Structures are given as C-alpha cells and as structure tokens.
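What follows is each chain in one-letter form.
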Amino acid sequence: MILGIDTSLGTAVAAISRDGEVLVDEQSSNPLGHAEVIGDLLRRASAVAPAPTHVAIGMGPGPFTGLRVGIATARVYALGRGIPAVPVPSHDGVALGILLADALTGTDTGRFAVVTDARRKEFAFSIYDGLDDDGLPVRVTDAALSPRDELDERLAAAGARRYDATAVSAAMIALAAARALDAGRTLADGEPLYLRSPDVVAAHAPKRVS
C-alpha cells in the first residue's frame with residue numbers, strides 16, 4: 001500500500017494498493033493553503049488506508065513554500081511510520097495520468113509537454129513520449145523553466161503538444177512510485193525541483209559598530 005502526497009500545485013493525498021487500485025484520493029485545489037489543509041487530508045486518507053508500506057512524494061517542480069510543505073509532511077510521516085519515502089517528479093504523475101487515460105480510449109498521445117505555472121511570467125515544463133516497458137512515462141527532457149512568451153516556440157521545435165496541468169494527482173504519484181519500485185528504479189533524488197532560488201535570502205552580516 002502506497003501513500004502519495006503532492007503539493008506542487010494544490011494539495012493532494014491518496015493511497016493505492018500495490019497493484020494500482022485507488023483506495024482513497026483526497027485533494028484541495030487551493031494553490032496557497034497547503035499547510036492549512038494537508039493535515040486533514042492526511043487524516044482522512046489514513047483512516048481508509050491505515051498501514052501504508054511506502055510514501056510517494058511529489059518533488060515538483062513547484063513554488064518553494066507550497067512544495068516544501070508536502071515534502072516535509074511526507075518525510076515526517078514516513079519517518080514516524082518507519083517506512084521508505086519514494087521521490088517522484090510531479091510532472092511524471094501528470095504524464096502517467098494522461099497516458100493511461102489515452103490508452104483507455106485508444107488515443108495516440110504522441111510527444112507532449114506537461115506545463116505548469118511557475119509564476120513570475122514563467123512556465124515549468126517536461127517533455128514525454130509514451131510509456132516504457134515498466135509502464136512509466138518516458139521523460140524526454142527533465143523539468144525546465146521557460147518565459148511564457150517563448151514556451152510555445154520551444155515546444156514546437158521539440159515536436160511536443162502542450163498540456164497545461166492545473167492539478168497533480170497524488171494517486172498517479174503513488175502509482176508511478178509503485179511501478180518504479182517493482183522495476184527497481186529511482187525516478188528522482190531527494191532534492192526538491194524548485195528550478196529557481198526562493199524569494200527569501202539570508203540576511204547580510206551585521207555591520208560593524210565602531
């Protein structure tokens with residue numbers, strides 16, 4: 001049983017069985033109130049799936065403050081339970097959902113880009129092309145930033161259709177983690193995908209007083 005947590009856009013918590021059955025899927029679309037809702041979502045998910053064996057963490061890309069709420073919560077939960085944490089790029093979860101939905105309808109997805117709003121007139125994007133033999137999205141390019149006015153031109157040059165994501169499914173984050181575990185693969189390291197430095201910086205050294 002795998003618990004998935006992602007706060008790269010809204011706040012999402014889900015639990016799936018190892019074979020991919022979704023046991024609970026809780027989410028809030030509020031892009032700012034992560035800390036206010038994640039505890040309640042986690043309690044509701046834990047009531048349905050009380051004994052997870054792994055915690056899948058959406059690692060972004062996403063805004064600094066929101067993303068670290070989910071990552072910190074997931075790591076503390078995993079530590080408290082004594083279970084492994086499995087990092088997953090958040091765009092991988094979106095891509096997996098797109099590819100599975102298209103497979104059900106017989107749609108030829110082709111090469112596409114998962115695009116999320118990175119604020120400051122920039123978008124974050126990752127390019128994908130189908131599923132591999134392990135049932136995981138083939139990531140052609142890792143997550144990167146692009147000015148809004150340049151993104152469409154960059155995607156056209158890469159031959160990628162644009163898909164703007166407004167939410168990340170924690171269930172798809174958990175499913176990507178399950179498939180990676182089955183294949184003995186690592187999808188991401190333990191570092192959050194902030195893509196840019198946070199707004200807050202360390203203060204300068206105090207001035208000398210003579």
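A brief structural summary. (Residues numbered from 1 in each chain as written. Predicted model: local features only at pLDDT ≥ 70, side-chain atom pairs only at ≥ 80, totals over all residues. Heavy atoms only, no water.)

1. Concerning the sheet that holds strand β3 (residues 22–28)
To summarise the sheet geometry, strands pair through backbone hydrogen bonds and adopt either a parallel or an antiparallel arrangement. Stated precisely, the cut-off is as follows: By definition, two strands form a pair when at least two bridges between them are found by DSSP. Strands here mean DSSP runs of E at least two residues long; helices mean DSSP runs of H or I at least four residues long; both are numbered from the N terminus. Helix axes are fitted to C-alpha atoms over the stretch in contact, other axes to C-alpha atoms as well, and angles between N-to-C directions run from 0 to 180 degrees.
What the five strands build is an open sheet, ordered β3-β2-β1-β4-β5; its pairing is mixed. The strands lining the two open edges of the sheet, one partner per strand, are β3 and β5 (85–88). Strand-to-strand twist of the sheet, defined as the mean angle between neighbouring strand axes without regard to direction, takes the value 15 degrees. Where strand β2 (residues 11–16) and β3 come together, six bridges link them in antiparallel fashion. Across the sheet, the residue bridging to A14 is D25, located in β3.

2. A look at the pattern of salt bridges
Basically, it comes down to this: Each salt bridge in this description consists of a side-chain nitrogen of Lys or Arg and a carboxyl oxygen of Asp or Glu lying within 4 Å of one another. When accessible area is computed with a 1.4 Å probe and restricted to protein chains, residues below 20% of their type maximum are described as buried, those above 50% as exposed, and intermediate ones as partly exposed.
Following the criterion strictly, the structure yields eleven salt bridges and no others. Taking the shortest distance from any N to any O, the salt bridge between R43 and D40 comes out at 3.9 Å. Taken together, the positions of R43 and D40, both in helix α1 (residues 34–48) and three residues apart, correspond to about one turn of that helix. Given the relative accessible area of 33%, D40 is considered partly exposed. With its nearest N and O atoms 3.1 Å apart, the salt bridge here joins D117 to R148. You can see D117 sitting in strand β6 (residues 112–119) and its partner R148 sitting in helix α4 (residues 148–158), a full 31 residues away along the chain. Under the relative-accessibility criterion, D117 is labelled partly exposed at 37%.

3. Notes on unusual backbone geometry
Cis geometry is found at the peptide bond from G60 to P61, where omega equals 15 degrees. With phi around 55 degrees, R120 is a residue other than glycine that occupies positive phi space. Residue placement: R120 occurs in the loop between β6 and β7 (122–131). Residue classification places R120 among the partly exposed residues on the basis of a relative accessible area of 48%.

4. Describing the packing of aromatic side chains
Our working definition: For Phe, Tyr and Trp, rings pair up if their centres lie within 6.5 Å, where Trp contributes its six-membered ring, and each pair is then called stacked (planes under 30 degrees apart), edge-to-face (over 60) or tilted (otherwise). The criterion is that NZ of a Lys, or CZ of an Arg, lies within 6 Å of the ring centre and within 35 degrees of the ring normal, and then a charge sits over that ring.
For the structure shown, the criterion picks out two aromatic pairs. An angle of 25 degrees between the planes, with centres 5.9 Å apart, marks the rings of F112 and Y128 as stacked. Here the residue F112 occupies a position in strand β6, and Y128 occupies one in strand β7, the gap between them amounting to 16 residues. A residue is classified by how much of its surface remains accessible, and F112, at 0% relative accessible area, is buried. A cation sits over an aromatic face here: R148 above F123, 5.3 Å from the ring centre. For the cation-ring pair, R162 lies above F123, with the distance from its terminal atom to the ring centre recorded as 4.8 Å.

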